[in-house]
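Structure assessment
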Amino acid sequence: MTTSPDPHGQTGTEPGGTPPPATPDDDAEGLAGHDLVDWDLAAAAASRLVPPGPRAGRAEIEQLVAELRSAGARAVEPVATTARLRTPPGTPPALVVDRPGWIAANAASMGAMLAPVLDEVVSRKRVADRARARTRGKELAEVGPTAQRIGSAVTGTEVAGMLSWISTKVLGQYDLAPQGTPRLMFVAPNILAAERELDVDAGDFRLWVAMHEETHRVQFTAVPWLREHLIEQARSVGARMMPEPDQLAQRLGEIVSQVPGVLRGDTDITQVLASPEQRERLAEVTAVMSLLEGHADVVMDEVGPSVIPTVATIRSRFTERRKGAGGVDKLLRRLLGMEAKMRQYHDGAVFVRAVTDQVGVDGFNAVWTSPQTLPRPTEIAEPHTWVARVHG
């Protein structure tokens, strides 16, 4: 499926091109961690790999794009009324993208999110390499620019496979865009495929999806500190989860040995990748993500049948669809940590509803006051403890 180009020109991506050849003047010391992954190559390769989506005529595609843009605008007021949070005036409207458009945006955001983490990894490796070289009385042999580019191309190809697969699953997203302007996106072919699979009213389903994503937008725009806080927390966890250079081989062996358990569903990929200390920090980020996803699910349902007449049917069928992954799809979800994300929707929604039942919507909204009022990992499972801590 090919969606109509967005007026902002963000429904596709252009290959990054071939890097210039190395010259004798290239300074190996200048190579940074963010050069470890060729994100342009990853985006271009993923866009070539990904299937276009369900078959649809041009008139149907144009109607889909128009209705998604309309749904994005129509979702603003019901979400603001239900959540009692409001997106500030002047916030950019939603983008309607195809799968390559989603890939391009997320490759850029992932590169910006991970750049400081990878820079730190490279810096730590250089320090360790220099220490070993001094111990042995030898000069440090730096990785040359050509070898660096070859490595980044290989890594970019691996990232491309992940981006390609995920781009077929995502219905919408509020892109935090660490490198630029955050934007709300709807992935048109995936929404069309989902509504056909579920056999639900198309107009209601498109608006329902828009409610969820608009809630994410209002979370990050009505709560100004939240975006930067989450970016910093994610980067901090990423940096801590990177093993020390002299521990890399050992950690890789541990991870490989536990992959069968991940595939069986005995453990979670994040538990495999993290040490006990790192899991504590990861649990803090997971608690915030559970809050955000659960809150969006609650708001999209609380808007109710007065706005979305078939909301109960959509929720019932969509919940079953989340459970229905099988075979290769389920294995990939486990390996990419998406099974954990499915739990976030449920656990977060239980937390939001329990808190709202105790202290009302305004009492729940105290959660957005500061980083200190965000739920702690144990409080997601025990909402009354958050109420006691924040409200006394």
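Each remark here, short or long, concerns the structure printed above.
All of the points below concern the structure found in this document. Computed from a predicted model, the values in this text were never measured in an experiment.

Conventions we followed
- All residue numbers refer to position in the chain's written sequence, counted from 1.
- The model is predicted, so local features are restricted to residues of pLDDT at least 70 and side-chain atom pairs to those at 80 or more, both for listing and for counting; the totals for chains, interfaces and linings are taken over all residues.
- Remark: hydrogens and water are excluded; side-chain values derive from all non-hydrogen atoms of the structure.
- When a residue's accessible area, from a 1.4 Å probe over protein chains only, is under 20% of the maximum for its type it is buried; when over 50% it is exposed; and in between it is partly exposed.
- Strands are runs of DSSP state E lasting at least two residues, helices are runs of H or I lasting at least four, and both sets are numbered from the N terminus onward.
- Only strands that DSSP links by at least two bridges are regarded as paired with each other.
- Between the N-to-C directions of two axes lies an angle of 0 to 180 degrees, each axis being a line fitted to C-alpha atoms and, for a helix, fitted only over the stretch in contact.
- Should an angle fall under 35 degrees it is taken as roughly parallel, and over 145 as roughly antiparallel, whereas 65 to 115 is taken as roughly perpendicular and any remaining angle as oblique.
- The crossing is said to be left-handed when, going from far helix to near helix, the turn is anticlockwise and less than a right angle, and right-handed when the turn is clockwise.
- Contacts are assigned to residue pairs with any non-hydrogen atoms lying within 4.5 Å of each other.
- Note that Gly is not counted as nonpolar here; it falls among the polar residues with everything else outside the nonpolar set of Ala, Val, Leu, Ile, Met, Phe, Trp, Tyr, Cys and Pro and the charged set of Asp, Glu, Lys and Arg.
- Here the expected length of a helix is defined as 1.5 Å per residue gap, with one fewer gap than residues.
- Nitrogen and oxygen atoms within 3.5 Å of one another constitute a polar contact, given that in protein one can donate a hydrogen and the other can accept it, and given that sequence-neighbouring residues count only through two side-chain atoms.
- For Phe, Tyr and Trp, rings pair up if their centres lie within 6.5 Å, where Trp contributes its six-membered ring, and each pair is then called stacked (planes under 30 degrees apart), edge-to-face (over 60) or tilted (otherwise).
- We define a nonpolar core as any set of buried Ala, Val, Leu, Ile, Met, Phe, Trp, Tyr and Cys residues linked to one another through side-chain atoms lying within 4.5 Å.
- Any carboxyl oxygen of Asp or Glu within 4 Å of a side-chain nitrogen of Lys or Arg constitutes a salt bridge here.

1. Brief notes about the pairing of strand E2 (residues 172-175)
Put simply, side chains in a regular strand alternate between the two faces of the sheet. Neither face of E2 is exposed, since Gly172 and Tyr174 on one face and Gln173 and Asp175 on the opposite face are all buried. Summarising the sheet, E2 and strand E3 (residues 183-187) pair through four bridges and their orientation is antiparallel. Bridge assignment links glycine 172 to a residue of E3, and that residue is phenylalanine 186.

2. Topic: the packing of helix H6 (residues 188-198) against helix H7 (residues 202-222)
At their nearest, the axes of H6 and H7 sit 10 Å apart, and the two run at 125° to each other. Comparing the axis directions of H6 and H7 gives the class oblique. Classified by chirality, the crossing of H7 by H6 is right-handed. Along its contact with H6, which presents Ile191, Leu192, Ala194, Glu195 and Leu198, the element H7 presents Ala202, Phe205, Arg206 and Val209. Across the contact of H6 with H7, the residue classes tally to seven nonpolar, no polar and two charged.

3. Focus: H7
The end-to-end C-alpha distance of H7 is 29 Å, a good match for the 30 Å that 21 residues give at a rise of 1.5 Å each. Of all 21 residues making up H7, 18 are buried, and the element is well covered by its neighbours. Here H7 starts with a cap whose side-chain oxygen sits 3.2 Å from the backbone nitrogen of glycine 203, and that cap is aspartate 201.

4. Remarks on helix H1 (residues 39-49)
Considered for burial, the residues of H1 that qualify are Trp39, Ala42, Ala43, Ala44, Ala45, Ala46 and Ser47. Measuring from the backbone nitrogen of aspartate 40 back to the side-chain oxygen at the start of H1 gives 3.3 Å, which picks out aspartate 38 as the cap.

5. Concerning the packing of aromatic side chains
Tallying each qualifying case throughout the model produces six aromatic pairs. Centre to centre, the rings of tyrosine 174 and phenylalanine 220 are 5.8 Å apart; their planes meet at 10°, and the pair counts as stacked. Here the residue tyrosine 174 occupies a position in strand E2, and phenylalanine 220 occupies one in helix H7, the gap between them amounting to 46 residues. For phenylalanine 220, a relative accessible area of 9% gives the class buried. Members of the aromatic cluster, each reached through a chain of ring pairs, are Phe205, Trp208 and Phe318.

6. Overview of the side chain of serine 109
On the secondary structure map, serine 109 appears in helix H4 (residues 99-136). Side-chain polar atoms of serine 109 contact the side chain of aspartate 175, separated by 2.7 Å. Among all residues touching serine 109, those that are not within four sequence positions of it are Asp175, Ala177, Pro178 and Gln179.

7. Description of the nonpolar core
Within soluble globular proteins, side chains that are nonpolar tend to cluster in buried spots. By size, the foremost hydrophobic cluster in this structure holds 62 residues, and its most contacted members are Phe205, Trp208, Met211, Leu291, Phe351, Phe364 and Trp368. Non-local contacts of tryptophan 208, meaning those with residues more than four positions away in its chain, are made with Met300, Asp301, Ile308, Val311, Ile314, Arg315 and Phe318. Ala42, Val50, Val97 and Ala105 belong to the second-largest nonpolar core, a separate cluster that totals 21 residues.

8. As for the sheet that holds E2
Taken together, the three strands give an open sheet; going across it, the order is E1-E3-E2, and neighbouring strands pair in mixed fashion. Taken across any chain shown, the strands that pair with only one partner, and hence form the sheet edges, are strand E1 (95-97) and E2. Within this sheet the neighbouring strands show an average axis-to-axis angle of 25°, counted without direction. Of the strands in this sheet, E1 and E3 are in contact with H6, which crosses E3 at around 50°.

9. Section: the pattern of salt bridges
Where charged atoms from two side chains of opposite charge approach closely, those side chains can pair. Counted by the stated rule, this structure contains eleven salt bridges. With a closest N to O distance of 2.8 Å, arginine 315 and aspartate 301 form a salt bridge. On the criterion of sequence distance, the pair formed by arginine 315 in helix H12 (residues 311-323) and aspartate 301 in helix H11 (residues 276-302) is long-range, its members being 14 residues apart. For the pair arginine 315 and aspartate 301, one class covers both residues: buried. Between aspartate 301 and arginine 353 there is a salt bridge, with the nearest N and O atoms lying 3.8 Å from each other. Residue aspartate 301 is located in helix H11, and its partner arginine 353 is located in helix H14 (residues 338-364); the two are separated by 52 residues in the primary sequence. Its relative accessible area of 35% is what places arginine 353 among the partly exposed residues. One salt-bridge network, held together by shared partners, links Asp297, Asp301, Arg315 and Arg353.

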